[in-house]
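Listed here are the chains, written in short residue letters.
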Amino acid sequence: MNIKTVEKWLGKKRLDKVENIFIDEWYGDGLGIEIWLKEGFIVSGHNNTIIQYIKQDDETWQDIKQNILFEFNLIIEA
């Protein structure tokens with residue numbers, strides 16, 4: 001998994017809302033993806049500016065992609 005792949009998942013329209021993307025091992029829990037939104041955007045209902053996922057053993061990258069895209073549907077301007 002790499003940042004270019006996540007950028008492809010999001011596409012140009014969604015990337016306009018992204019400040020940074022980080023992919024790293026999360027303290028032995030698994031590979032994590034963290035997407036920081038630009039100032040002025042929040043995830044509705046969660047009231048935060050970061051979308052995070054840690055890939056669990058039973059999840060596929062397609063599962064993670066679907067979850068991330070679902071979260072992007074909840075983004076509103078703050």
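What you see is a predicted model, and the numbers here were worked out from it, not measured in a lab.

A.B. asks: Any chance you could break down the overall build of the protein chain for me, citing the residues and the numbers?
C.D. replies: When helices and strands are counted, the protein chain shows 2 helices and 5 strands. Moving toward the C terminus, one meets the helices and strands of the protein chain in the order α-β-β-β-β-α-β. Over its C-alpha atoms, taken along the principal directions, the protein chain stretches across nearly 35 × 25 × 20 Å. The buried share among the 78 residues of the protein chain stands at 32%. In the protein chain, of all internal contacts separated by at least 6 residues, the share reaching a separation of at least 24 is 43%.

A.B. asks: Describe the sheet that holds strand β2 (residues 31-37), naming the residues involved and giving the relevant values.
C.D. replies: Here we have 3 strands laid out as an open sheet, ordered β1-β2-β4, and antiparallel in their pairing. Two strands in the sheet have a free side with no partner beyond their single neighbour: β1 (18-25) and β4 (50-54). Between one strand and the next, the sheet's axes are offset by a mean angle of 10°, whatever the strand orientation. Relative to β2, β1 runs antiparallel, the two sharing 7 bridges. Each bridged residue has a counterpart across the sheet, and for Ile-21 the counterpart in β2 is Ile-35.

A.B. asks: Summarise the environment of Lys-38; cite the residues concerned and give the values.
C.D. replies: Residue position: Lys-38 is located in the loop between β2 and β3 (41-43). On a C-alpha basis, the gap between Lys-38 and Lys-55 in space is 24 Å, while along the polypeptide they are 17 residues apart. When neighbours within four sequence positions are excluded, Lys-38 is seen to be in contact with Asp-16, Lys-17, Val-18 and Glu-19.

Parameters and conventions
- Residues numbered from 1 in each chain as written.
- Predicted model: local features only at pLDDT ≥ 70, side-chain atom pairs only at ≥ 80, totals over all residues.
- Heavy atoms only, no water.
- Helix = DSSP H or I, 4+ residues; strand = E, 2+ residues; numbered from the N terminus.
- Buried < 20%, exposed > 50% of the residue type's maximum accessible area, 1.4 Å probe, protein only.
- Contact = heavy atoms within 4.5 Å.
- Pairing = 2+ DSSP bridges.
- Axes fitted to C-alpha atoms, helices over the stretch in contact; angles between N-to-C directions.

Interpretation note: all reported values are geometric properties and have no functional meaning in isolation.
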